[in-house]
Amino acid sequence: MRINNDVEFKAALNGLDIHQQRRVAAAFIESVLPLCPDNRVSSALGMVKRTGISDAELASAYREANSARVELFTQCGKEADWLGQAGHFVAKATLYCVKPPEPGINLAWEAAMAARMARTCETVAEGAGTENHEAENQYRILYDLLNT
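Parameters at a glance
- Residues numbered from 1 in each chain as written.
- Predicted model: local features only at pLDDT ≥ 70, side-chain atom pairs only at ≥ 80, totals over all residues.
- Heavy atoms only, no water.
- Helix = DSSP H or I, 4+ residues; strand = E, 2+ residues; numbered from the N terminus.
- Expected span 1.5 Å × (residues − 1).
- Buried < 20%, exposed > 50% of the residue type's maximum accessible area, 1.4 Å probe, protein only.
- Axes fitted to C-alpha atoms, helices over the stretch in contact; angles between N-to-C directions.
- Parallel < 35°, antiparallel > 145°, perpendicular 65-115°, else oblique.
- Left-handed = near helix turned anticlockwise from the far one by under 90°.
- Contact = heavy atoms within 4.5 Å.
- Nonpolar A, V, L, I, M, F, W, Y, C, P; charged D, E, K, R; others polar.
- Polar contact = N/O pair within 3.5 Å; in protein donor to acceptor, adjacent residues only side chain to side chain.

Another aspect to go through is helix α2 (residues 18–32). Helix length check: α2, at 15 residues, gives a terminal C-alpha distance of 21 Å against a target of 21 Å (1.5 Å per residue), a fit within 8%. All of the buried residues along α2 are Gln21, Arg22, Val24, Ala25, Ala26, Ala27, Phe28, Ile29 and Val32.

Packing of α2 against helix α5 (residues 82–98) brings their axes to within 9 Å, and their N-to-C directions diverge by 165°. One way to sum up the angle between α2 and α5 is to call them roughly antiparallel. Here α2 runs over α5; the crossing is left-handed. Contacts from Arg22, Ala25, Ala26, Ile29 and Val32 of α2 reach α5 at Val90, Ala93, Thr94, Tyr96, Cys97 and Val98. Looking at the contact of α2 with α5 residue by residue, the class counts come to nine nonpolar, one polar and one charged.

For Lys99, the position within the fold is in the loop between α5 and α6 (107–125). Residue Lys99 is classed as buried on the basis of its relative accessible area, which comes to 14%. In terms of polar contacts, Lys99 uses its side chain to reach the side chain of Glu102, at 2.7 Å. For Lys99, the residues in contact, after removing those within four places along its chain, are Arg22, Tyr62 and Leu107.

Attention shifts here to the side chain of Thr94. Here Thr94 lies in helix α5. Contacts of Thr94, omitting those with residues within four sequence positions, involve Ile29, Val41, Ala44, Leu45 and Ala65.

Printed below as a string of structure tokens:
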């Protein structure tokens, strides 16, 4: 069954275990990763994609991604640097991909929302407004992963 809206999308994500959530979140982040120039983010993403990652490695990836998120936010300054903000949101999405699970929080959903914000910042920077197709892209990514 195709995923056509956020209700179906979120329901599908809620059916995933933590390892599946991380795998799906990583795929969402890869879609927007070119918007983030910080190597710590791509490194954290690479770590989480490995099978058998330890809790200590996840904690290290979390610290690195969080440092990148804070620095990218700070670099945006008072004036709106929309591409800088996009990088910040990619780093934020990566945080959800590597953070410890919390009751009631779906890591893949949170990563998806931050990735959408990154794409929105990109379209604003390009002068194209806030319209983009990241949600539909995420529906396709999730559908493809669930059906492989």
